[in-house]
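# Residue-level structure breakdown
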Amino acid sequence: MHLTNWYIKKHFLVGTMSNGEMYIGRIEDIEEEDDNYLICTEHGCFLCLKIDQKQ
């Protein structure tokens, strides 16, 4: 699943899911690729594009 407008705060991934709902989950693993992160949380893995990351 893709998350947009995402950020990381205190070991939690926060972002907007494709259905428009807010997502929050505790991070278990992060893999960095060229233009995105694959972030695995307690609920599953999410593709997070670097261009969508909030500062």
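You'll find the structure just up there.
This is a predicted model, so every value here is computed, not measured.

### Focus: the overall build of the chain
- Along the backbone of the chain there are 0 helices and 5 strands.
- From first element to last, N terminus to C terminus, the chain shows the α and β order β-β-β-β-β.
- Judged by the C-alpha coordinates and their principal axes, the chain covers about 25 × 20 × 20 Å.
- In the chain, buried positions account for 29% of the 55 residues.
- Considering only contacts in the chain between residues 6 or more positions apart, those separated by 24 or more positions represent 23%.
- Carbon together with sulfur atoms contributes 49% to the accessible area of the chain, which is approximately 3900 Å² in total.

### With respect to the sheet that holds strand 1 (residues 2-9)
- Pairing is mixed in the closed barrel, where 5 strands are placed in the order 1-2-3-4-5. Sheet twist, expressed as the mean angle between neighbouring strand axes with direction ignored, is 55°.
- As paired elements, strand 4 (residues 36-41) and strand 5 (residues 44-49) share 6 bridges and run antiparallel to each other. Note that in strand 5 the partner of Cys40 across the bridge is Cys45.

The rules we used
- Residues numbered from 1 in each chain as written.
- Predicted model: local features only at pLDDT ≥ 70, side-chain atom pairs only at ≥ 80, totals over all residues.
- Heavy atoms only, no water.
- Helix = DSSP H or I, 4+ residues; strand = E, 2+ residues; numbered from the N terminus.
- Buried < 20%, exposed > 50% of the residue type's maximum accessible area, 1.4 Å probe, protein only.
- Contact = heavy atoms within 4.5 Å.
- Areas by Shrake-Rupley, 256 points an atom, 1.4 Å probe, with all protein chains shown as cover.
- Pairing = 2+ DSSP bridges.
- Axes fitted to C-alpha atoms, helices over the stretch in contact; angles between N-to-C directions.

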